[in-house]
Amino acid sequence: MSEQIVFSRGSFFHGTKADLETGDLITTGMKKNYNDQRKSAYVYFAGTLDAAIWGAELAEGDGRERIYVVEPTGDFEDDPNLTDQKFPGNPTKSYRSKQPLKIVAEVTKWNGHSPELLNNMVENLKKLSDAGIKAMD
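Owing to the predicted nature of the structure, the values given are computational and were not obtained by experimental measurement.

Visitor: Help me understand the environment of Leu118 in this model?
Guide: With respect to the secondary-structure elements, Leu118 resides in helix α3 (residues 115-130). For Leu118 and Leu58, which are 60 residues apart along the polypeptide, the C-alpha to C-alpha distance reads 8.3 Å. The contact partners of Leu118, leaving out residues within four places of it in the chain, are Trp54, Glu57 and Leu58.

The structure is reproduced here in structure tokens:
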């Protein structure tokens, strides 16, 4: 019998293509998920499943899209890449931390965005990249 996970208010998620296990730590210093060769000074996560789905769908790599339920191990702040101008007030509940995130479970059943919506997002991100606009860190 498989374990059923019930998400509660306050659950945090991380979307990626990395193949990780429960108990693993997501740490800083890794290559970023998106079209960027810099090493990340922060780990990123969200309080909404939808934001984590975007993370999984847009992550580079050949692995399968995965969403993990994570637990911050230290202080965290609103992600300025999204909250400063794109989504004032942080409705996406997007955060970052210099401290590791501990994986407590994997979300195995979720629905991705439509191919049209995903393609539109990819094209918009490509335009930003072509214009030299990268995520701040």
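Moving on from the coordinates now.
Visitor: It is not clear to me how helix α1 (residues 49-58) should be interpreted in this structure. Could you clarify?
Guide: Since the α-helix advances by 3.6 residues per turn, residues separated by three or four positions end up pointing in the same direction. A large share of α1 lies buried, amounting to 7 of its 10 residues. Among all positions in α1, only Ala52, Ile53, Trp54, Gly55, Ala56, Glu57 and Leu58 are buried. Residues of α1 that are buried sit in contact with β1 (12-16), β3 (43-46), β4 (66-72) and α3.

Visitor: Teacher, can you tell me more about the packing of α1 against α3 here?
Guide: Angle between the axes and distance between the axes are the two parameters that describe a pair of packed helices. Running from amino to carboxyl end, α1 crosses α3 at an angle of 70°, the nearest separation of the two axes being 11 Å. When the axes of α1 and α3 are compared, the pair comes out roughly perpendicular. Note on element contacts: α3 touches α1 through Leu117, Leu118, Met121, Val122 and Leu125, opposite Trp54, Glu57 and Leu58.

Visitor: Could you clarify how one ought to interpret the packing of aromatic side chains in this entry?
Guide: Each aromatic ring pair is characterised by the separation of its centres together with the angle its planes make. This structure, assessed with the given rule, holds 7 aromatic pairs. Between Phe12 and Phe76, the aromatic rings sit 5.5 Å apart at their centres with planes inclined by 75°, giving edge-to-face as the arrangement. Residue Phe12 is located in strand β1, and its partner Phe76 is located in the loop between β4 and β5 (77-78); the two are separated by 64 residues in the primary sequence. Overall, Phe12 belongs to the buried group, its relative accessible area being 16%. Taken together, the aromatic side chains of Phe12, Phe45, Phe76 and Tyr95 make up a single cluster linked through ring pairs. Here the guanidinium or amino end of Arg96 rests over the ring plane of Tyr42, the centre of that ring lying 3.7 Å away.

Criteria and thresholds
- Here, residues in each chain are numbered from 1, in the same order as that chain's written sequence.
- Confidence filtering applies because this is a predicted model: local features only for residues at pLDDT of at least 70, side-chain atom pairs given and counted only at 80 or more, and all residues used for totals across whole chains, interfaces and linings.
- Values reported for side chains reflect all heavy atoms of the structure, with hydrogen atoms and water molecules removed beforehand.
- Each helix is a run of DSSP H or I of at least 4 residues and each strand a run of E of at least 2, with the numbering of both proceeding from the N terminus.
- Any two residues whose heavy atoms approach within 4.5 Å are treated as being in contact.
- Accessibility here uses a 1.4 Å probe with only protein chains present; expressed as a share of the type maximum, an area under 20% marks a residue as buried, one over 50% as exposed, and anything in between as partly exposed.
- Here an axis means a line fitted to C-alpha atoms, over the contact stretch when the element is a helix, while the angle between two N-to-C directions is reported on a 0 to 180 degree scale.
- Each angle gets one of four labels, with under 35 degrees taken as roughly parallel, over 145 as roughly antiparallel, 65 to 115 as roughly perpendicular, and the rest as oblique.
- Only Phe, Tyr and Trp rings take part, Trp by its six-membered ring, and two of them pair if their centres are within 6.5 Å. Stacked means planes under 30 degrees apart, edge-to-face means over 60, and tilted covers everything else.
- Placement of a charge over a ring requires the Lys NZ or Arg CZ to be within 6 Å of the ring centre, with the centre-to-atom vector within 35 degrees of the ring normal.

The values reported here are purely geometric and, on their own, carry no functional implication.
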